Amino acid sequence: MSRRSWIMSKKETTRHTNNFTEWIVCTAEPIGTVDEPHFVKMINGLNPSYKVPCRQTIRKLILDGYKMKKMQIIEELAAVTSRFSLTTDMWQASARKQSYLAITLQWIDNEWKLRNVILDFRYMPKNHSGENMKNVVMETLQEFKVAHRIFGVTTDGALNMVKFFELLVMEMGVEKRSFSRTTQFTPESNTFWNCCAAHIVNKVAEVAIKKEVVTVDKIRACVIYMRRPTIREIFLATIKPATEDLKLPLDVSTRWNSFLHMVESAYPRRHELYDYLSAQEGAIRDEVPSAEEWIDMEDLIELLKPLKAVSVDFRLSSPPISTWLQPNWNFCELI
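Everything in this summary refers to the structure shown in the same document. Since we're looking at a predicted model, the values are computed, not measured.

Conventions we followed
Residues numbered from 1 in each chain as written. Predicted model: local features only at pLDDT ≥ 70, side-chain atom pairs only at ≥ 80, totals over all residues. Heavy atoms only, no water. Helix = DSSP H or I, 4+ residues; strand = E, 2+ residues; numbered from the N terminus. Buried < 20%, exposed > 50% of the residue type's maximum accessible area, 1.4 Å probe, protein only. Contact = heavy atoms within 4.5 Å. Areas by Shrake-Rupley, 256 points an atom, 1.4 Å probe, with all protein chains shown as cover. Core = buried A, V, L, I, M, F, W, Y, C linked by side-chain atoms within 4.5 Å. Patch = residues over 30% accessible without salt bridge, like charges linked within 9 Å, V, L, I, M, F, W, Y side chains within 5 Å. Salt bridge = Lys/Arg side-chain N within 4 Å of Asp/Glu carboxyl O. Lys, Arg positive; Asp, Glu negative; His and termini not counted. Charge placed at Lys NZ, Arg CZ, Asp CG, Glu CD. Pairing = 2+ DSSP bridges. Axes fitted to C-alpha atoms, helices over the stretch in contact; angles between N-to-C directions. Parallel < 35°, antiparallel > 145°, perpendicular 65-115°, else oblique. Left-handed = near helix turned anticlockwise from the far one by under 90°. Nonpolar A, V, L, I, M, F, W, Y, C, P; charged D, E, K, R; others polar. Arc of directions from axis to C-beta. Polar contact = N/O pair within 3.5 Å; in protein donor to acceptor, adjacent residues only side chain to side chain. Disulfide = S-S within 2.5 Å. Phe/Tyr/Trp six-rings, centres within 6.5 Å; stacked < 30°, edge-to-face > 60°. Lys NZ or Arg CZ within 6 Å of the ring centre and 35° of its normal.

### Focus on the overall build of the protein
And step 1. Secondary structure summary: the protein contains 11 helices and 5 strands in total.
And step 2. Considering the protein as a whole, with its 335 residues, one finds that 38% of them fall into the buried category.
And step 3. A sequence separation of at least 24 residues applies to 64% of the contacts in the protein between residues at least 6 apart.
And step 4. By element, 56% of the accessible surface of the protein is carried by carbon and sulfur atoms, the whole surface being about 20900 Å².

Right, dumping it as structure tokens:
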């Protein structure tokens, strides 16, 4: 292949650069990737005539793309004849303990399709007070020109979120009155608050698990002990009939469904675990759940199963439907 056939036109170069920028954004790659020698070498090997853009160029393309997309969203929202529902939640990055506020808008478009868009994902270094969150959300709603068209707000049930809603309604009332002459939505239209159903499910599960905290701690201690490689091998040798399948996952403190997974995995082996651990030396003998405690765990498992099913439904719905739980309160009778 001649060198001339490698040369790319300006149009082709622009297209490849746009695709490259899209790859950076959609895969959350660091912008510094463009300076990585092996990456540059790979691109040059594919086409020597294409020069990888510098990080300043990529940064500018990303920002320009964001501004253009933002204007497109503003224009699309302006064309919607219905009102909007707002969902917001605090999220913390576990590595650096940095907090972010996610702001999502939902609506039914003119073709009666349920739509949603993330308006912002804002870093929140300040105190997570209702006032600070209200200021951030209100600023975002004003930027997208929808502050006067919000009729529903969904958050979790934390006290700061309740206060946030109270303050937001007051400020949106001022916004609605200022638009009363130009908008078809009357300034007297009420804005309602809805507690996130997934948050309610999480709280119910936490309360149920807390009631059995002593037994829960015992099972967790046994699982930690049994996950030691040498202990696991010795225990497997005692099981009749012989098996190599011993899955005892350890739960995560912030995820109640991981606790359910741990207990469900340990429950079928409760008799073997009791016989083996009761014969061991040391403190682990005192951590072995009794038969009565395992009966309590069986009841807890049956309680948490429908909660898990509801959580899965929430996760699979697109977009998430936070009010789905309201007609389905029957599982609360199990408590």
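### Here we look at the nonpolar core
And step 1. Residues Met226, Trp256, Phe259, Val263, Leu277, Met297 and Leu304 are the most contacted members of the largest nonpolar core, which totals 39 residues.
And step 2. Secondary-structure elements contributing two or more residues to this core are helix 6 (197-211), helix 7 (213-226), helix 8 (229-238), helix 9 (256-266), helix 10 (270-278) and helix 11 (291-316).
And step 3. Among residues more than four places away in sequence, those in contact with Trp256 are Val201, Asn202, Ala205, Ile209, Leu304, Leu307, Lys308 and Ser311.
And step 4. Ile73, Ile74, Met124 and Phe165 belong to the second largest nonpolar core, which has 28 residues in total.

### Some remarks on the environment of Arg227
And step 1. Position of Arg227 relative to the elements: it lies in the loop between helix 7 and helix 8.
And step 2. Through-space distance from the C-alpha of Arg227 to that of Pro249 is 8.4 Å; in sequence the pair is 22 residues apart.
And step 3. Leaving out residues up to four positions away in the same chain, Arg227 has contacts with Leu248, Pro249 and Leu250.

### With respect to a negative patch on the surface
And step 1. On the surface, Glu292, Asp296, Glu298 and Asp299 cluster together to form a negatively charged patch.
And step 2. By the secondary structure assignment, Asp299 is in helix 11.

### Topic: the pairing of strand 1 (residues 84-93)
And step 1. Bridge analysis of strand 1 against strand 4 (residues 150-155) gives 4 bridges, and the strand direction is parallel. Pairing of Ser85 across the sheet is with Gly152, part of strand 4.
And step 2. Both strand 1 and strand 2 (residues 98-108) contribute to a ladder of 9 bridges, which runs antiparallel. In the strand pairing of strand 2, Asp89 is matched with Ala102.

### A word on the packing of helix 7 against helix 9
And step 1. With their axes 11 Å apart at the nearest point, helix 7 and helix 9 run at an angle of 70° to one another. On the basis of the axis angle, helix 7 is roughly perpendicular to helix 9. With respect to the hand of their crossing, helix 7 and helix 9 are arranged in left-handed fashion. When helix 7 is examined against helix 9, the residues Val216, Ile219, Arg220 and Val223 are found in contact with a partner set consisting of Phe259, Met262 and Val263.
And step 2. Residues that form the contact of helix 7 with helix 9 fall into these classes: 6 nonpolar, no polar and 1 charged.

### Section: the sheet that holds strand 2
And step 1. Pairing is mixed across the open sheet formed by 5 strands, whose spatial order is 3-2-1-4-5. Sheet topology places strand 3 (114-123) and strand 5 (192-195) at the edges, where each strand pairs with a single neighbour. If you compare each strand with its neighbour and ignore which way they point, the axes differ by 25° on average.

### Things to note about helix 10
And step 1. Among all positions of helix 10, only Leu273, Tyr276 and Leu277 are buried. Mapping the buried residues of helix 10 onto a view down its axis gives an arc of 90°, with all of them on the same face. With respect to the buried face of helix 10, the exposed residues turned more than 90 degrees away are His271 and Asp275.

### What to know about the side chain of Asp251
And step 1. By secondary structure assignment, the location of Asp251 is in the loop between helix 8 and helix 9.
And step 2. Taking relative accessible area as the criterion, Asp251 reaches 12% and is therefore assigned buried.
And step 3. A distance of 2.8 Å separates a polar atom in the side chain of Asp251 from a polar atom in the side chain of Arg220.
And step 4. Asp251 has contacts with Arg220, Ser258, Phe259 and Met262, leaving out every residue within four places of it along the chain.

### Describing the pattern of salt bridges
Close approach of charged atoms allows side chains of opposite charge to pair.
And step 1. Scanning the entire structure with this criterion turns up 18 salt bridges.
And step 2. Between Asp64 and Lys60 there is a salt bridge, with the nearest N and O atoms lying 2.8 Å from each other. With a gap of 4 residues between them, Asp64 and Lys60 both fall in helix 3 (residues 55-79), about one helical turn apart.
And step 3. With relative accessibility at 34%, the residue Asp64 sits in the partly exposed group.
And step 4. By relative accessible area, which is 52% here, Lys60 ends up exposed.

### Things to note about the state of the cysteines
And step 1. Taken as a whole, this structure holds 0 disulfides when the rule is applied.
And step 2. In this model Cys195 remains outside any disulfide bridge; the closest cysteine sulfur is found in Cys196, 6.6 Å from its own.
And step 3. Judged by its relative accessible area of 17%, Cys195 falls in the buried class.

### Thoughts on the packing of aromatic side chains
And step 1. Applying the stated criterion to the full structure yields 9 aromatic pairs.
And step 2. A ring pair is formed by Phe151 and Phe192, whose centres lie 5.5 Å apart and whose planes are at 65°; its orientation type is edge-to-face. Residue Phe151 is found in strand 4, and its partner Phe192 is found in strand 5; the two are separated by 41 residues along the sequence.
And step 3. What links up through ring pairs into an aromatic cluster is the set Phe20, Trp23 and Phe39.
And step 4. It is Lys70 that lies over the ring of Phe144; its NZ or CZ is 5.4 Å from the centre.
And step 5. Of note, Arg270 hangs over the ring of Tyr267, and the distance from its end group to the ring centre comes to 3.9 Å.

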